[in-house]
Amino acid sequence: METSRVKPGLNGVEGQKEATQAAGKPLGLVGEALRAFALALTLVAAVVMGLDKQTTTVPFQVVPTLPPLQVAVTAKWSHSSAFKYFVVANALVCIYSALSLLASLLTSARKKNLSLAVPIAIGDLIMVAVLFSTIGASMDFGLLGMHGNSHLRWNKVCNVYGKFCEKAIVAVALSSIGALVFFGLVVLAIISLHKRSK
């Protein structure tokens, strides 16, 4: 009587499941690391912009025959609706990052990744859209601050509020990197879902 040469538990179906799980692990680890990185980037971007404030003395001419008055004027992130949107959007994306990272860690520990994979991928895609919209609004306002608008007679202000503008640029750059990280997460989710569908 001949015995089977096939090892127990290694029929075609089980071998395919094991290969899919093994292929998903590196993507899961990379995804969790990227998600933690995005959390840190959006948190720091929101904090940097939320603390952005500069007070400087500006000469103000009341009467041409008198010397100008020196007036202390403050530039603050809350004076701009674009910067308010930036802080709120980055804070919300940061909270989403924390929740999705927690969900990702819990589902990978239980090995039930597929149940939350699609909703998390959709959430990541929404976060990409939110971050790019707030980056665009903030960059538009920042360019007005740097160059002004001669047609509307809006003067540039970054020559007066240099530190304020520099911090805003840093915050927008951090948020831009965060948006690219979320875009990478969307690409990873598509690759992972494609591998699982095979």
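Per an unreviewed UniProt entry, the chain goes by CASP-like protein and derives from Rhynchospora pubera. Taken directly from UniProt, the Sequence similarities (unreviewed entry) text for the chain runs: "Belongs to the Casparian strip membrane proteins (CASP) family." In the Subunit (unreviewed entry) part of its UniProt record, the chain is described as follows: "Homodimer and heterodimers."

Caption draft 1: Representation of the UniProt feature "transmembrane region" (unreviewed entry) in the chain. The feature "transmembrane region" (unreviewed entry), as given by UniProt, occupies residues 33–51, 85–107, 114–137 and 169–193 in the numbering adopted here. With 95% helix and 0% strand, the stretch residues 33–51 has end C-alpha atoms that lie 27 Å from each other. What you have in residues 169–193 is 100% helix and 0% strand, and the ends, taken at the C-alpha atoms, are 36 Å apart.

Caption draft 2: Looking closely at the nonpolar core. In this structure, Met49, Phe83, Phe86, Leu131, Phe164 and Phe182 are the most contacted members of the largest nonpolar core, which totals 28 residues. Taken together, the elements giving at least two residues each to this core come down to helix 1 (12–50), helix 2 (81–110), helix 3 (114–147) and helix 4 (162–197). In terms of residues, this core owes the most to one element, helix 4, which gives 10 residues. Ignoring sequence-local partners within four residues, the contact set of Phe182 consists of Arg35, Ala38, Val93, Tyr96, Ser97, Asp124, Met127, Val128 and Leu131.

Caption draft 3: Representation of a nonpolar patch on the surface in the model. Taken together, the side chains of Phe60, Val62, Val63, Leu66, Leu69, Val71 and Val73 define a hydrophobic patch exposed on the protein surface, amounting to about 580 Å² of accessible area. Here the element with the most residues in the nonpolar patch is strand 2 (residues 69–76); it accounts for three residues. Looking at where Val63 falls in the secondary structure, it is placed in the loop between strand 1 (53–60) and strand 2. Classification of Val63 by relative accessible area gives partly exposed; the value is 34%.

Caption draft 4: Just the state of the cysteines, in detail. Taken as a whole and assessed by the stated rule, the structure comprises one disulfide. A disulfide bridge connects Cys158 with Cys165, and the sulfur atoms are separated by 2.0 Å. Taking the torsion about the S-S bond as the criterion, the Cys158 to Cys165 disulfide, at about -90°, is left-handed. By relative accessible area, which is 17% here, Cys158 ends up buried. Overall, the relative accessible area of 11% leaves Cys165 in the buried class.

Caption draft 5: Examining the packing of aromatic side chains more closely. The full count for this structure, using the stated rule, is three aromatic pairs. Between Phe83 and Phe164, the ring centres sit 6.1 Å apart and the planes meet at 55°, which makes this aromatic pair tilted. Here Phe164 lies in helix 4 and Phe83 lies in helix 2, a separation of 81 residues in the sequence. Note on accessibility: Phe83 and Phe164 belong to one class, buried. Each ring, one from Tyr96 and one from Phe182, has its centre 6.2 Å from the other, and the planes form 40°; the classification is tilted.

Conventions adopted
Residues numbered from 1 in each chain as written. Predicted model: local features only at pLDDT ≥ 70, side-chain atom pairs only at ≥ 80, totals over all residues. Heavy atoms only, no water. UniProt positions renumbered as here; feature names shortened; annotations may be inferred. Helix = DSSP H or I, 4+ residues; strand = E, 2+ residues; numbered from the N terminus. Core = buried A, V, L, I, M, F, W, Y, C linked by side-chain atoms within 4.5 Å. Buried < 20%, exposed > 50% of the residue type's maximum accessible area, 1.4 Å probe, protein only. Contact = heavy atoms within 4.5 Å. Patch = residues over 30% accessible without salt bridge, like charges linked within 9 Å, V, L, I, M, F, W, Y side chains within 5 Å. Areas by Shrake-Rupley, 256 points an atom, 1.4 Å probe, with all protein chains shown as cover. Salt bridge = Lys/Arg side-chain N within 4 Å of Asp/Glu carboxyl O. Disulfide = S-S within 2.5 Å. Phe/Tyr/Trp six-rings, centres within 6.5 Å; stacked < 30°, edge-to-face > 60°.

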